[in-house]
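Now for the letters of each chain:
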Amino acid sequence: MYFLTGWPRRLLCPLRSEEEPFQIQASTQRMHFAVLSRTQLSVWFSRPAVLIVSYIESAKAASHFGPYEQVEWKPDDTMVAVATTNGYILLFDIVGNGEDKYLYEPVYPKGNTRVKVTPGYKEEQCAPALSLEMKKPVDLEAPITSLQSMQEDLVVATEDGYLHILHWDGVTNGRKAINLCTIPFSVDLQSSRGGPSLDFEGVFIRDMEYCVTLDGIAMVFNDGRLAFITPVASGFTANLQGILAPDVADGTCVAVNNKYRLMAFGCTSGSVLVFTIDGTTGSMQLSHKLELTPKHYPDIWNKTGPVKLIRWSPDCSVAMVTWECGGLSLWSVFGAHLICTLGEDFAYRSDGTKKDPVKISSMSWGAEGYHLWVISIDGIGSPDSGMETRVSLKQATILQFNFIKSALTVNPCTSNQEQVLLHGEDRLYLTCGDPAQAHSAEHRLPQDGNLLHTSTSLSQGLSTLLGHRHWHVVQIHSTYLESNWPIRFAAIDTLGQCVAVAGKCGFAHYSLFTRKWKLFGNITQEQNMTVTGGLAWWNDFIVIACYNLIDQQEELRLYLRSSNLDNAFANITKLHSDTLLLNVFRNMVILFRADCSICLYSIERNQDSPNHIASIELLQEVSMSRYIPHPALVVSVTLTSVRTETGITLKAPQQACAAESIMLNLAGQLIMLQRDRSGPQVREKESLPNQKKLLPFCPPVVLAQCVENVWTTCRTNKQKRHLLEALWLACGEAGMKVWLPLFPRDHRKPHSFLSRRIMLPFHINIYPLAVLFEDALVLGATNETVLYDGLQGAREPLETLFPFCTVERTSQIYLHHILRQLLVRNLGEQALLLAQSCAGLPYFPHVLELMVHVVLEEEATSREPIPDPLLPTVAKFITEFPLFLQTIVHCARKTEYALWNYLFAAVGNPKDLFEECLMAQDLDTAASYLIILQNMEVPAVSRQHATLLFNTALEQGKWDLCRHMIRFLKAIGSGESETPPTTPTTQEPSTTGGFEFFRHRSISLSQSAESLASGKFSIQKTLSMPSGPSAKRWSKDNDCAENMYIDMMLWRHARRLLEEVRLKDLGCFSAQLGFELIGWLCKERTRAARVDDFITALKRLHKDFLWPFPVIPACPINSPFRNGRYRTAVGERLLKSQSADSLLNSEMDTAPPSAPRSHSWLNTLSTEQKEMDTASSHGAHTQEAFLSPLVIKGDECSIGSATDLTETSSVVDGDWTMVDENFSTLSLTQSELEHISMELANKGPNKSQVQLRYLLHIFMEAGCLEWCVIIGLILRETAIINQVVNFLQSSEVPVETVQNIRNGLLAVDNWATTDCLGYKPFFDLIRPHLQKLVEVTAEQVQPEAFQPVSVSKLTEQVFPRPEDSRSPAGISVSLPSEPGSSVIRPTEDNVGKEQEEGPLEEGTYDCTLS
């Protein structure tokens, strides 16, 4: 509505005077201001704010007349009346000085183009030179209490109880006096007594104001009573009738609102009573109150003192109130509170100390409500400092507050209801550059399919409409503003891409797409028209109701946006009467005229004519003079497709698009005129379609009272008919109302007793400026303040007295209010239909949560018993939606504990709800219910449910949740259950997508191009296991039964994973939960860690690690890579690995149950590595594609594996030294190239290789040799098999293990012969080792106890480690680089002697596992 902006300005008077101004009064046009002090009358210009003339009374005359008291303007701004203390009225003529016409002239820098626009343009800018001439004074012989201009008369109230009516040219026509005692007063016109009022002796009028639309004077008497006097016949004669307001005796001041026929009376209690005149009885009825509430202003609400002044804005949409104790407060016409300077940053400094509120002696609104001129009497010093400071602190100052306002206040044009448009005196604030929802874009495309609109509307969605709090600010073109200030109307098009503004004359428009303004090329055309009824957009046209000053003719004009702004390109239709309001609905224009008639016009595009490309045709005229007492009372007029009998027209949705009714806001009463369908309907079918006669309208029906704004849309959406066919009303302090259609379900016939529509009221926390229909949102704006009080000095500057004001965008959901209102009225079926249509909205879960929360708070905290509680109904309602469980628990956790019993009595036992979550696999919600259970149940119940949840989370690989559950179970065990852990309702994205072993690895590479070329690499790696909170669990409280309980569950889960051959999940489980895998495997070496079926285990590892089965080429000519048969298979497999990489950033804890097995620990690959993998997977076609990643691939392996750089599968016989040295001049034959290609294709993803080597390292440490053999087979490395066979020759290895490995290898060999020939070359290479195994088993070595210590002795050569580090807290393993370490160097024969020392010494590992 209205919003403060920036800081107030201080206006300095150029004339030095000892007198302080105490009253400021705007002229009728608000272009001039009169400022009054004791003996001085000054007239100021409003823009720029400069002093024009000052009249100073002589000392002799001042002593005769007495000091000045009040000032009033004549309606045509040609005279000023001043009342003095001694009972004189001084009349002044305002005369323009002939030749020296202008007092100030703007000075522009040389070369400024603006000087040449038009010869007379300078004068438009400047303050006119005026003079004041005093006429003969009028002596009323009694002190004057109030002064009021009334049409051609001046009404003056005096202390002797008389009301004087003077003519403005007071000398000639004389005057008339009315004694208050002769006026009959009563509470209404029906019970008026004939005789005069006897109780008015000694009573006089303290304040009064004339109301044009009520044709009477509202007044406050000196005894505090309120009254309204009106003439019985036309004209103010002796025949006056008075109406008293009942039960009020503390009135202080009055202000009338002509547009809404309201009288606002200030009271000594600090509240403002707003009365209206009842149309039937004529009595004064209290409409509403404007008062501060203790909820929002606890410190000040009853300490404001009496109301001092009330001032309605020029457009009558807001009222400004000030009190004796100071402060300003702004209210909308029906009581919505907008701003108050008695609280927050206005009242307190940043250090918390209280400021004194600014006391105001007089205030007046400026032109169009952009400014509020105020005379303040305390605390704001003059610019002078030094010795005069103490004196100047009490000096009165003229302040100018700046406002921006909604375009709806003066141009309530509903052509676009989904954009918020505010305008200040020189700029526009738009919520666009971001049109509303893309899903409704097809409804809004202009008929010519303009691409500019189409692209922007489709590309930007709801998120941009709501996503930020900043405005798109457009500065109005300075050339237009100079000669046409103030801006009176503004309108924005449907898509929010074009804006039009109209000032004093002409108009201009702006495109956000081109960021340019379009002005009239011919300034005479601009100055010869003035917009009267507003302006609106229709597709690409601007529709304007204007007055042609040359022809003295009212006109309706259409201008095309894309053509030049010129009357030659306009379509002009002459009108018979002045237009007051204009609106557009689909292809129709509706006008409301000064003779109280409504005209409907159709607009049609006409492509044939080059200039007039749209034609206007009159469709229908409707006279409203019977129903409208005064044309100025009509606030808005709207055409809509809303009908009362919507329920019947389900089968005819096309009728929903027609203009079915007219909505008229008559002084806050919403009146609806529907088409009359009672007459014969046959004629329509008989006549030709283009001559179709429009149906007449029925008599009007009142829909609602106290209406400030109306929103409706002409779009249709079958899914959201409730929201799109509803009517939305803003009703001031009463909040909002929606007139909602009720549809029968499943096309059933509606019940005859059910209404077709229902009016539902609801409260929102923002002032509504636009409604997003499909999105169930209200858009608004709010004032925000910023304090700048570092500027302390001898006097407080304005910047410290007032905060800097900004305007921010706001939005609010209203759906939960409507659903609740429907449930209260037992319309659950309608509520369900509405909710289901909105279930796709992103904030729908929040809507349900809000509904439960609001009802719970109200009912559970009520002091009185509630006979018919709503919470059970709401609970039953939300069970219809899959979000029921989350909604309840989120609401409970945001509500205080005391209300939980009431909540769960209505929605069900939390234990049952917890079990439902587990059945639905919704573990995060179940975790939230655990918090509820912990507070409401005994610890044993919590432990039981926590164990259930822990086991399920382990199974699904939800590691974050597992960690929380471990903490939770420990807290229960150690008696810390009073402070439950905060389980996140939504899991934060896991930073550990895989083994923490890899996440915490730090690798430093120092290698240059020279070392690459010479094959010398310097790689240092540090591998460390995490020592986070999860790892500390193993080192403390080990004897605690609770820890033992948790450990048992972890061991059981690990055993299951191993038995099901889920090595990948086991590694992830160990890394994520800090599970000590090596120690546990040592215990399970001969039990769970045994491998019974080598072939199944091998296949499962191939599948889990995305590792391809090896293949061998048939012959060099029919190479699979040459003919492309195998390429697709490899490509698919590698693409699978890439797709797995693409899951790295996805949230592990919310993956489907099967996902953790394959993707759960694929963690952060660098972009470069991803690119290399992609290159190697797709580059099988050309030589370059293979050569480039070859060394890099080796490099990757060296970084990620536990072996040296030269490590590769033993099938490749090429000399890697040669490849490194001759990298720059490398040329390979086709067969060599295919050989290398095949080898690359037989390897899995680099990440899988790193993970397999980590598991190999773990199993070696724990002595689980069967698993080492299987991993060696997958990696196809003879060194691993050789290492294991060497171990097996020891007498300490159990003979069952040796026999199991031998049988397993033989089984795999047989399987390879039949099913997987790719493994045969590898088995040929390890044949000697197999032979050794057969010999070992033949000797039947007696098994001995296989202790962990002896394992370390056995593996000392490969994994020497200090004994002291073998502790529960962690194992430190360093892998040395002796030449005999075959794990590090798989193919010893292929490594050159000169390479043996360098890389092997540098490839040292320091591993810490916990």
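What you see is a predicted model, and the numbers here were worked out from it, not measured in a lab.

1. Looking at the overall build of the protein
Logical step 1: A count of helices and strands for the protein gives 45 helices and 61 strands.
Logical step 2: Going through the 1410 residues of the protein one by one, you find that 56% of them count as buried.
Logical step 3: Here the analysis covers contacts within the protein between residues at least 6 apart in sequence; of these, 63% occur between residues at least 24 apart.

2. Quick notes on the confidence of the model for the protein
Detailed reading of the predicted coordinates is not advisable wherever pLDDT is low.
Logical step 1: Across the protein, pLDDT averages 77, with 71% of residues at or above 70.
Logical step 2: When the criterion is pLDDT under 50, residues 380-394 qualifies, and its contacts beyond four places in sequence or with other chains add up to 27 contacts.
Logical step 3: A low-confidence stretch, residues 1115-1225 stays under pLDDT 50, and its non-local contacts, those more than four residues away or across chains, total 204 contacts.

3. A look at the packing of aromatic side chains
Logical step 1: Tallied over the entire structure, the rule returns 31 aromatic pairs.
Logical step 2: Judged by centre distance (5.3 Å) and plane angle (85°), the rings of Phe401 and Phe802 are edge-to-face. With Phe401 in strand E31 (residues 397-406) and Phe802 in the loop between helix H13 (798-801) and strand E57 (804-813), the pair connects residues that are 401 residues apart, well separated along the chain.
Logical step 3: Between Phe877 and Phe881 the ring centres are 5.6 Å apart and the planes differ by 65°, which places this aromatic pair in the edge-to-face class.
Logical step 4: Judged by its relative accessible area of 7%, Phe881 falls in the buried class.
Logical step 5: Taken together through their ring pairs, the aromatic side chains of Trp959, Phe1069, Phe1075 and Trp1080 make up a single cluster.
Logical step 6: Positioned over the ring face of Tyr348 is Lys354, at 5.2 Å from the centre of the ring.
Logical step 7: When the ring centre of Trp739 is taken as reference, the NZ or CZ atom of Arg757 above it lies at 4.9 Å.

4. Some points on the nonpolar core
Logical step 1: Counting residues in hydrophobic clusters, the biggest one holds 190 residues, and the most contacted among them are Trp728, Phe877 and Trp1267.
Logical step 2: Of all the elements, helix H39 (residues 1265-1275) adds the most residues to this core, at nine residues.
Logical step 3: For Phe877, the contacting residues outside a window of four places in its chain are Leu819, Leu823, Gly828, Ala831, Leu832, Ala835, Leu848 and Met851.
Logical step 4: Listed in part, the 37 residues of the second largest apolar core include Leu421, Ile487, Ala500 and Trp517.

5. Quick notes on the environment of Asp356
Logical step 1: Its place among the elements puts Asp356 in the loop between helix H4 (344-347) and strand E29 (360-365).
Logical step 2: For Asp356, a relative accessible area of 64% gives the class exposed.
Logical step 3: On a C-alpha basis, the gap between Asp356 and Cys325 in space is 9.2 Å, while along the polypeptide they are 31 residues apart.

6. Focus on the environment of His630
Logical step 1: Here His630 lies in the loop between strand E46 (614-623) and strand E47 (634-640).
Logical step 2: C-alpha of His630 to C-alpha of Asp595: the two residues are 35 residues apart in sequence and 9.2 Å apart in space.
Logical step 3: Each residue touching His630, except ones within four places of it in the same chain, is listed here: Val212 and Thr213.
Logical step 4: Engagement of the side chain of His630 in a polar contact is seen with the backbone nitrogen of Ala632, the distance being 3.1 Å.

7. Notes on the pairing of strand E37 (residues 508-511)
Logical step 1: Both faces of E37 are covered, namely the face carrying Ala508 and Tyr510 and the face carrying His509 and Ser511.
Logical step 2: In terms of strand pairing, strand E36 (residues 498-502) meets E37 through four bridges, oriented antiparallel. Looking at the pairing, Val499 lines up with Tyr510 of E37.
Logical step 3: The antiparallel pairing of E36 with E37 creates a hairpin that spans five residues between the two strands, and Gly506 there sits at a positive phi of about 65°.

Here is what the cut-offs are and how they apply
Residues numbered from 1 in each chain as written. Predicted model: local features only at pLDDT ≥ 70, side-chain atom pairs only at ≥ 80, totals over all residues. Heavy atoms only, no water. Helix = DSSP H or I, 4+ residues; strand = E, 2+ residues; numbered from the N terminus. Buried < 20%, exposed > 50% of the residue type's maximum accessible area, 1.4 Å probe, protein only. Contact = heavy atoms within 4.5 Å. pLDDT = per-residue confidence, 0-100. Phe/Tyr/Trp six-rings, centres within 6.5 Å; stacked < 30°, edge-to-face > 60°. Lys NZ or Arg CZ within 6 Å of the ring centre and 35° of its normal. Core = buried A, V, L, I, M, F, W, Y, C linked by side-chain atoms within 4.5 Å. Polar contact = N/O pair within 3.5 Å; in protein donor to acceptor, adjacent residues only side chain to side chain. Pairing = 2+ DSSP bridges.

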